[in-house]
Amino acid sequence: MLNATEGPVSQYFRSIQAALGGLEIYLSNPDVKLGGSMAAGGILLRYLDRLKNSFSCWQNRIGFTEQFRISRAESGFPVFQNVLELENDRGSAEKRLAAIPDGAAIRSEMADFILRNREFPTALQTQMAERLYLEQIGKGEIFSPLVLPETIHVSVNEKSGRPLCIVTWAVFDGANTLPMVYVAGIEDSSDNMTRLLVGRDGKLNPEVEIPLPVGGLLNPELAAAFDDFVGKNGAYSLTPATIATNMDKDFPTLHPKVLRRVVLGPFYSAGITENNARINEILSRVRKPDNAWLLTWTVQEVFSKAERPAVKGFFSSTPAMQEFHIETNDLEAARMGVSAYEKHALVPHDAYQALYASGEAAAIFGNYKVHVISGNNVVSEV
């Protein structure tokens, strides 16, 4: 738990904002892919903006609250209670703002107070911080406990003749305090969607205009049930293979061909987090505290290697089912329940030098792809 009056609070926010800013630079590179040919930035930057907005809100919030809690020993991200409070405050922000004087009036009153009393107007500063917090909530979308699905791409798999949708959503896992983004490639064999989207030539019907992104699953008959599904199947404790299998079972006409999960964290910050004593000890040697951090993330993927065709019988029928590939030759992939994975680490140049000078860079980074940020440039695979 960090007290709002302590220096580590401002250091934490400077460090995490620098880390998220560096990740934004990395993802803005059009050559960075999220498996296959999908540009990672086009998908992930929207969720990164939500996370940055949440941190801006939290930073304003500590101006009128006494404490701010982060998961110091595990993920390094704010605890789930902060996420819930932000979500709740968003609903009441407009009403609360109406009861607070506008910013110009508060600033004028602060100036008068200082001139009259020769001391700092603490109460007015607290009121101003609350106004800034409530205004920030309304400026942009935040990273909610569940960011509902959106369909961001539609095509037709000419081999199967089915519409194929790319659907994304996000979850902030409360138990592990980890923000996660999901991206799924799902074929839809529903009669209504096939008639609407597949032309006579077996390609996407050019006469149908789809204003992407579309809120929710593109199939309106399944959209509400799909929202409910991702809310119940978003936990980090569930492997991507389990989530994809559950989706395949729960929706007979939806065929998940690939599911990717991007897990942000852990985040390490010298003097604040306690999630890895050796890394934190080395980071503490970095001369500038604002550069004494390390952000990691993992991209997990599970894909269908085959589809068992539907069986239609006189007494019973079974829908088509996917056979998902798990890479059993890689113990970590098998543990994660994935076909493949990538582990990434983003680190400031000063911190990378300290880790390298320790002689333990290889042991610390292991099978991570390392990205070093210096100014507004990110150099990968150092």
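As the structure is a computational prediction, the values presented were derived from the model and not from experiment.

Basis of the calculations
Residues numbered from 1 in each chain as written. Predicted model: local features only at pLDDT ≥ 70, side-chain atom pairs only at ≥ 80, totals over all residues. Heavy atoms only, no water. Helix = DSSP H or I, 4+ residues; strand = E, 2+ residues; numbered from the N terminus. Buried < 20%, exposed > 50% of the residue type's maximum accessible area, 1.4 Å probe, protein only. Contact = heavy atoms within 4.5 Å. Areas by Shrake-Rupley, 256 points an atom, 1.4 Å probe, with all protein chains shown as cover. Pairing = 2+ DSSP bridges. Phe/Tyr/Trp six-rings, centres within 6.5 Å; stacked < 30°, edge-to-face > 60°. Core = buried A, V, L, I, M, F, W, Y, C linked by side-chain atoms within 4.5 Å. Expected span 1.5 Å × (residues − 1). Bend = angle between axes of the 7 residues up to and from the residue. Axes fitted to C-alpha atoms, helices over the stretch in contact; angles between N-to-C directions. Parallel < 35°, antiparallel > 145°, perpendicular 65-115°, else oblique. Left-handed = near helix turned anticlockwise from the far one by under 90°. Nonpolar A, V, L, I, M, F, W, Y, C, P; charged D, E, K, R; others polar. Salt bridge = Lys/Arg side-chain N within 4 Å of Asp/Glu carboxyl O.

**Some details on the overall build of the chain**
Okay, so step 1: When you go through the chain residue by residue, the secondary structure sums to 12 helices and 14 strands.
Okay, so step 2: Here the C-alpha coordinates of the chain stretch approximately 90 × 55 × 35 Å along the principal axes.
Okay, so step 3: By residue count, 47% of the 382 residues in the chain fall in the buried class.
Okay, so step 4: Contacts in the chain between residues far apart in sequence, at least 24 positions, make up 67% of those at least 6 positions apart.
Okay, so step 5: As displayed, the chain offers around 18,500 Å² of accessible surface, 51% of which is attributable to carbon and sulfur atoms.

**Concerning the pairing of strand β7 (residues 254–269)**
Okay, so step 1: Summarising burial for β7: 14 of the 16 residues are buried, a large majority.
Okay, so step 2: As paired strands, strand β5 (residues 178–188) and β7 are joined by 9 bridges and run antiparallel to one another. Within the sheet, the bridge partner assigned to E187 lies in β7 and is H255.
Okay, so step 3: The sheet contact formed by β7 and strand β8 (residues 293–308) spans 10 bridges and is antiparallel. If you follow R260 over to β8, its bridge partner there is E301.

**Considerations on the packing of aromatic side chains**
Okay, so step 1: As enumerated under the stated definition, the model contains 21 aromatic pairs in all.
Okay, so step 2: Where F80 meets F172, the ring centres are 6.3 Å apart and the plane angle is 20°; that geometry is what we call stacked. Here the residue F80 occupies a position in helix α3 (residues 80–98), and F172 occupies one in strand β4 (residues 162–173), the gap between them amounting to 92 residues.
Okay, so step 3: Take F80: its relative accessible area is 23%, and that puts it in the partly exposed class.
Okay, so step 4: Take F172: its relative accessible area is 3%, and that puts it in the buried class.
Okay, so step 5: For the ring pair W169 and Y182, a centre distance of 5.3 Å and an interplane angle of 10° mean the geometry is stacked. Pair noted here: W169 is in strand β4 and Y182 is in strand β5, with a separation of 13 residues, a long-range link. Residues W169 and Y182 agree in their burial class; the two are buried.
Okay, so step 6: Grouping aromatic residues by their ring pairs yields a cluster made of Y12, F13, F55, W58, F68, F77, F267 and W293.

**Let's talk about the nonpolar core**
Okay, so step 1: The biggest cluster of nonpolar side chains holds 56 residues, and the ones touching the most others in it are Y12, L23, L27, F55, F77, L295 and W297.
Okay, so step 2: Residue contributions to this core peak at 10 residues, all from helix α2 (residues 40–61).
Okay, so step 3: In terms of nonpolar packing, the next biggest core, distinct from the first, is built from 30 residues, C165, M193, F229 and L254 among them.

**What about α2?**
Because an α-helix packs 3.6 residues into every turn, residues spaced three or four apart end up facing the same way.
Okay, so step 1: The end-to-end C-alpha separation of α2 is 31 Å, in line with the 32 Å expected for 22 residues at 1.5 Å each.
Okay, so step 2: Of all the bends in α2, the greatest measures close to 25° and is centred on R46.

**Let's talk about the packing of helix α4 (residues 103–117) against helix α5 (residues 122–139)**
Okay, so step 1: Where α4 contacts α5, the axes come no closer than 10 Å and their chain directions differ by 165°. Considering their axes alone, α4 and α5 lie roughly antiparallel with respect to each other. Pair α4 / α5 crosses with left-handed handedness. Contacts between α4 and α5 involve G103, I106, R107, E109, M110 and F113 on the former and, on the latter, L124, Q125, Q127, M128 and R131.
Okay, so step 2: Of the residues in the contact of α4 with α5, the class split is 5 nonpolar, 3 polar and 3 charged.

**What about the pattern of salt bridges?**
Okay, so step 1: Tallied over the full model, the rule gives 22 salt bridges.
Okay, so step 2: As a salt-bridge pair, R46 and E150 come within 2.6 Å of each other at their nearest N and O atoms. Within this pair, whereas R46 is found in helix α2, its partner E150 is found in strand β3 (residues 146–157), the two being separated by 104 residues in sequence.
Okay, so step 3: E281 serves as the salt-bridge partner of R285, at 2.9 Å between the closest nitrogen and oxygen.
Okay, so step 4: Using a relative accessible area of 44% as the deciding quantity, one classes R285 as partly exposed.
Okay, so step 5: A relative accessible area of 33% means that E281 is categorised as partly exposed.

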